Amino acid sequence: MSATVASESCFLSALQPNTAVTTYAVPSDVQLGPRGSIMDEVERAKRVQQQVNLRLAEKKYSTLTRLNCSNCISPGGQLILRFSLCGYSSCSAVELGPRYRISQPPVNIGYLHHDDIQLGGYQTSRTRTARSRSVCQVSGGGSGSVCGGWGQYQNSLHSLDMPTAVNYLFMSDTAMQVLGAAYIQHQCYHSSDAKNQVRLLKGVPALVQLFSSDSQEVQCYATGATRNLIYENMDNKAALIEAEGITKLISVLNEPDEELHKNITGILWNMSSKESLKEKLARETLSELTERVLVPLCSGGDPELIRQSPSEADIFYNTTGCLRNLSTVNERTRQQMRDMRGLVDSLVAYIQNSLQDEKSEDKGVENAVCVLSNLSYQLYSEIPPSTLLRLEGPTWARATTGTESIGCFTPQSKKAKERRNQELSTSEVAKQPKGAEWLWHPQVVGLYNRVLQHYETNTATREAAAGALQNITAGETRWASVLSWVALEQERMLPVVLDLLQTQSDQEMCSLTGLLRNLSRDSRNKNDMSTKVVNVLVTKLPSDGHQKEPSGEVVVNICGILNNLVAGSSLAARDITFFDGLPKLFAIKSSHNSSSGKLKAAKAASTVLFNMFQYSKLHKDYKQRKKQSSVDTCKHCLGRYQNREKLS
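Rules and cut-offs
- Residues numbered from 1 in each chain as written.
- Predicted model: local features only at pLDDT ≥ 70, side-chain atom pairs only at ≥ 80, totals over all residues.
- Heavy atoms only, no water.
- UniProt positions renumbered as here; feature names shortened; annotations may be inferred.
- Helix = DSSP H or I, 4+ residues; strand = E, 2+ residues; numbered from the N terminus.
- Buried < 20%, exposed > 50% of the residue type's maximum accessible area, 1.4 Å probe, protein only.
- Contact = heavy atoms within 4.5 Å.
- Areas by Shrake-Rupley, 256 points an atom, 1.4 Å probe, with all protein chains shown as cover.
- Axes fitted to C-alpha atoms, helices over the stretch in contact; angles between N-to-C directions.
- Parallel < 35°, antiparallel > 145°, perpendicular 65-115°, else oblique.
- Left-handed = near helix turned anticlockwise from the far one by under 90°.
- Nonpolar A, V, L, I, M, F, W, Y, C, P; charged D, E, K, R; others polar.
- Expected span 1.5 Å × (residues − 1).
- Bend = angle between axes of the 7 residues up to and from the residue.
- Patch = residues over 30% accessible without salt bridge, like charges linked within 9 Å, V, L, I, M, F, W, Y side chains within 5 Å.
- Salt bridge = Lys/Arg side-chain N within 4 Å of Asp/Glu carboxyl O.
- Lys, Arg positive; Asp, Glu negative; His and termini not counted.
- Charge placed at Lys NZ, Arg CZ, Asp CG, Glu CD.
- Phe/Tyr/Trp six-rings, centres within 6.5 Å; stacked < 30°, edge-to-face > 60°.
- Lys NZ or Arg CZ within 6 Å of the ring centre and 35° of its normal.

The name recorded for the protein in an unreviewed UniProt entry is Plakophilin 3b, from Oncorhynchus mykiss. What UniProt records for the protein under Sequence similarities (unreviewed entry) is the sentence "Belongs to the beta-catenin family."

Quick look at the structure:
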């Protein structure tokens, strides 16, 4: 997959003016005299404070307000100066790590994360080489406005340099701290050299100390500067951790300031994109992010009560982006997240609320579905053995319908029917799921089904939902078979999945065909399924093994579906022939390059041909659809692949 890097686009920190307010300018270098000769920087700071006092004396009751904050008054009753930075870029960046699939049999899919996305305005993307598989584009990400009066400060800000700005961070004057942090935030959005310069000037520890400032304005600018400082800069990420920045950030999450929360969660999202940092972040942030941010934003898991402001929606997006990355760390972290009180319930409630309110473009839903998909990865091998034992029910051995030899019919005796009904029982789970039980509960199948149907324009969200369904229907456990039955018989998902096969996204196609492969294995009526899916699947097969699309993984999945159906239904073999699938299968088998994906596809096609040839009554049809030479080749395959591995 390739990841995306957004074009430069700025958003401004949320500062809002009182329209009746005028401001005094920070004295320029011309006014203060040559630097280092007449006045030093300490004198410069004093002059700024004098300007503030003059202003307060002129207009005693003036106020400067910041969006989402009340007027800030010092303990002595004095208003604290808010620097006006209108027109000066204070953009923040969020990067997401590469999303890739953990190498596993194609029936089980693992969703991982994104890499290198800058937020601020609507993004345009360009792809770049990475080990991930799909391009993800996000937009927005904490845009806001700053208060007026920029013209009076412009000269002062333009006269700053990085050493001076970093020095301001060490001053006790909050006005100087804001000015220094704002300059760093702006410069680090545009310049990689500026990021390195701040680190070399020991600016990272200075910013970290400001995280716990008594001034929320200072906190917001310090975290905003840090957010840009660490973007695509591993050395600065390491410096932030070394300065105990993560601990400081978590400690100020209790502050009731949405802009501050946006910056903190944005920083954590950036940090979580790097593999080497994920495990540490998971240990230090999972509990606090869930309890202090996720659960309150989702009204404790009640979808009826969720009402988020635009700022809260951005915070939720950042938080779930971080959780999405952390859910890819390892089995231990996934299990920690499954057991985290309120985490799964909140994600499910948010998805339900978005579906209920028909918010089809909700950017937080993609992250929420991807987290659930990640947590369903290798689910039956990672959940506690006691839970798995309960799900397997009184009869541990699952039905062997899919493994019976061709031509043998499923026994129709009363005993056999009772056994099947017992195997499809869902009494092992609560009627209303709670916590991690949502991940494997029959109700979640219906939730994913609704996501597939309602998110028509967001292929990444649909891909995640299909991937989650693929995960929970994968494997040889009884419960995977039960959920396959729920998808096919209760939710009637087959037409939905077949319609989505028209997608132009190979990643989504891979998830959808992987899901169909699992469903075809567990289908109780392969004749009926064959009549519905074979025609659609044959049209998706490439004409030979040299075509780039669909990918080799998709071709393997399609052949796996066809093989599952052929193994249990002669109608499948007949329909493959009728819809001109034989020439395609022969071409895939014999005409391909030496890449791993093409070789797997060739082997999969050969297995389908081998099983088709077992139906001797169809040999005449084969001959009518293909030249005799092709039939001879098929006979040759019969002897060659006697010891083939079964295609599940």
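A.B. asks: How should I be thinking about the overall build of the protein in this particular structure?
C.D. replies: Secondary structure assignment for the protein yields 31 helices and 2 strands. With 648 residues in all, the protein has 58% of them scored as buried. Relative to all contacts within the protein whose residues are 6 or more apart in sequence, the contacts with residues 24 or more apart total 76%. In the form shown here, the protein has an accessible surface area of approximately 26,700 Å², with 50% of it arising from carbon and sulfur atoms.

A.B. asks: Looking at this structure, I do not really get the packing of helix 12 (residues 275-297) against helix 15 (residues 343-356). What am I missing?
C.D. replies: Axes are the key here: two packed helices are described by the angle between their axes and the distance separating the axes. Orientation of helix 12 relative to helix 15, taken along the N-to-C sense of each, is 20°, at an axis distance of 10 Å. Here helix 15 runs roughly parallel to helix 12, going by the angle between their axes. Here the hand of the crossing between helix 12 and helix 15 comes out left-handed. Across the interface between the two elements, Thr290, Leu294 and Val295 of helix 12 pack against Leu343, Ser346 and Leu347 of helix 15. Tallied by class, the residues present in the contact of helix 12 with helix 15 amount to 4 nonpolar, 2 polar and no charged.

A.B. asks: Which parts of the structure should I look at to understand helix 25 (residues 526-540)?
C.D. replies: Since one α-helical turn is 3.6 residues long, residues separated by three or four positions face the same way. With 15 residues, helix 25 extends 20 Å from end C-alpha to end C-alpha; this agrees with the ideal 21 Å at 1.5 Å per step. Along helix 25, the largest kink reaches about 40° and is centred on Val533. Residues of helix 25 that are buried sit in contact with helix 23 (494-500), helix 24 (506-522), helix 26 (552-566), helix 27 (570-578) and helix 28 (581-590).

A.B. asks: How do you make sense of a negative patch on the surface when you look at a structure like this?
C.D. replies: A cluster of like negative charges, contributed by Asp302, Glu304, Asp357 and Glu358, occupies part of the molecular surface. Mapped onto the elements of the fold, Asp357 is located in the loop between helix 15 and helix 16 (363-375).

A.B. asks: Honestly, the packing of aromatic side chains in this entry has me stumped. Any pointers?
C.D. replies: For any two aromatic rings, the description comes down to two numbers: the centre-to-centre distance and the angle of the planes. Scanning all chains against the criterion turns up 3 aromatic pairs. Between Trp269 and Tyr317 the ring centres are 5.0 Å apart and the planes differ by 85°, which places this aromatic pair in the edge-to-face class. With Trp269 in helix 11 (residues 258-271) and Tyr317 in helix 13 (residues 310-326), the pair connects residues that are 48 residues apart, well separated along the chain. Between the aromatic rings of Phe578 and Phe579, the centroid separation amounts to 5.1 Å while the plane-to-plane angle is 85°, which identifies the pairing as edge-to-face. Overall, the relative accessible area of 30% leaves Phe579 in the partly exposed class. Against the face of Tyr350 rests Lys359, its NZ or CZ located 6.0 Å from the ring centre.

A.B. asks: Would you explain unusual backbone geometry in this entry?
C.D. replies: In most cases, non-glycine residues show a negative phi, while peptide bonds are predominantly trans. Look at the link from Glu549 to Pro550: it is a cis peptide, with omega at -5°. One non-glycine residue with positive phi stands out, namely Glu232, at about 55°. Inspection of the secondary structure puts Glu232 in the loop between helix 8 (216-229) and helix 9 (234-242). The backbone phi angle of Glu244 is positive, close to 60°, even though this residue is not glycine. Relative to the elements of secondary structure, Glu244 occurs in the loop between helix 9 and helix 10 (245-251).

A.B. asks: Where do I start with the environment of Leu229 in this structure?
C.D. replies: Along the polypeptide, Leu229 turns up in helix 8. Using a relative accessible area of 1% as the deciding quantity, one classes Leu229 as buried. C-alpha separation for the pair Leu229 and Gly203, spaced 26 residues apart in sequence, amounts to 9.9 Å. Apart from the residues lying within four places of it in its own chain, the contact partners of Leu229 are Cys188, Lys195, Val198, Val204, Leu207 and Asn236.

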